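Results of the structural survey
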Amino acid sequence: MKTSLILIDAQDSFRHRPFYDPATLPAWLAAQNALIAACQQRGVPIVRVLHVAGPQTPENPFALASGHVRPIEGLADCTPAASFHKNRHSALVGTGLDVWLTQQGIARLLVSGIRTEQCCEATARHASDLGWAVDFCTEATLTWDMRNLDGSVLPAADIRTRTATVLQDRFAKVVGVDEAIARLEHAAC
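What this report covers is the structure whose coordinates are included nearby.

Thresholds, definitions, all that
- Residues numbered from 1 in each chain as written.
- Predicted model: local features only at pLDDT ≥ 70, side-chain atom pairs only at ≥ 80, totals over all residues.
- Heavy atoms only, no water.
- Helix = DSSP H or I, 4+ residues; strand = E, 2+ residues; numbered from the N terminus.
- Rg over C-alpha atoms; globule rule 2.2 N^0.38 Å.
- Buried < 20%, exposed > 50% of the residue type's maximum accessible area, 1.4 Å probe, protein only.
- Core = buried A, V, L, I, M, F, W, Y, C linked by side-chain atoms within 4.5 Å.
- Contact = heavy atoms within 4.5 Å.
- Polar contact = N/O pair within 3.5 Å; in protein donor to acceptor, adjacent residues only side chain to side chain.

1. Quick word on the overall build of the protein chain
Broken down by element type, the protein chain carries five helices and eight strands. The linear arrangement of helices and strands in the protein chain, starting from the amino end, is β-α-β-β-α-β-α-β-β-β-α-β-α. What you see for the protein chain is a C-alpha radius of gyration of 16 Å, in line with the 16 Å of a compact globule of 189 residues. Taken along its principal axes, the extent of the C-alpha atoms in the protein chain is 45 × 35 × 30 Å. For the protein chain, buried positions account for 49% of its 189 residues.

Right, dumping it as structure tokens:
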């Protein structure tokens, strides 16, 4: 099954948000970079999707004018097969990504990037609804702690577990990095 790695919002913009915590970055980068390397070695197309939204002023880290809508530091260098800017949660809304994937004969998406429960999950659900097989590599998605309505902290690890639980066998096959790479061995590229 022809596969493409969808690298969602792995961008410098997040380093300028109040919730950003650099402590979680090394493990995510190791997982994300392992997927990138495996895809490059196997000729699996990599699609880069960057989020652009809000006022287009230098003060907004998600504005092109900020200079932060670029790959996050530490991300493996790669030349994507295609790049898209999005302004919605799903990478498939208004970007042309769906058309590109169809034209390339891609049948399975390997979803990774930032944030696990937002743009990565939204893209996985949307892709499944549109008929793509989806591998969701939780290890290669990144998120941060959030606040519950009562003010208590919802840890990032719990968010990732929740996302994996709701996606598995409904919208995606949840995979670790090793399994994702093993599944690439069987991808007709």
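2. Some thoughts on the nonpolar core
Counting residues in each nonpolar core, the largest one holds 30 residues, and the members touching the most others are Trp-28, Leu-35, Leu-75 and Leu-110. When contributions to this core are tallied by element, the ones reaching two or more residues are β1 (3-8), α1 (25-42), β4 (108-114), β5 (133-142) and α5 (177-184). Broken down by element, the residue count for this core peaks at eight residues, all from α1. Discounting chain neighbours no more than four positions away, the residues touching Trp-28 are Ala-10, Ile-72, Leu-75, Gly-113, Ile-114, Glu-139, Ala-140, Thr-141 and Leu-142. The next biggest cluster of nonpolar side chains, apart from the first, holds 25 residues, and it includes Trp-100, Ala-124, Val-134 and Val-174.

3. Structural notes on unusual backbone geometry
The amide bond that connects Ile-114 to the next residue, Arg-115, takes the cis arrangement and shows omega of -10°. As for its position among the elements, Arg-115 is in the loop between β4 and α3 (116-129). Phi is positive for Asp-9, which is not a glycine, with a value near 55°. Looking at where Asp-9 falls in the secondary structure, it is placed in the loop between β1 and α1. Its identity as a non-glycine residue notwithstanding, Asp-169 has a phi of 65°, on the positive side. Along the chain, Asp-169 turns up in the loop between α4 (156-167) and β8 (173-175). Overall, Asp-169 belongs to the exposed group, its relative accessible area being 68%.

4. Digging into the side chain of Thr-143
Note that Thr-143 resides in the loop between β5 and β6 (146-147). Residue class for Thr-143 comes out buried when judged on its relative accessible area of 2%. For Thr-143, the side chain forms a polar contact with the side chain of Arg-115, separated by 3.3 Å. Separated by 2.6 Å, the side chains of Thr-143 and Glu-117 make a polar contact.

Take it as geometry only, folks, not as evidence of what the structure does.
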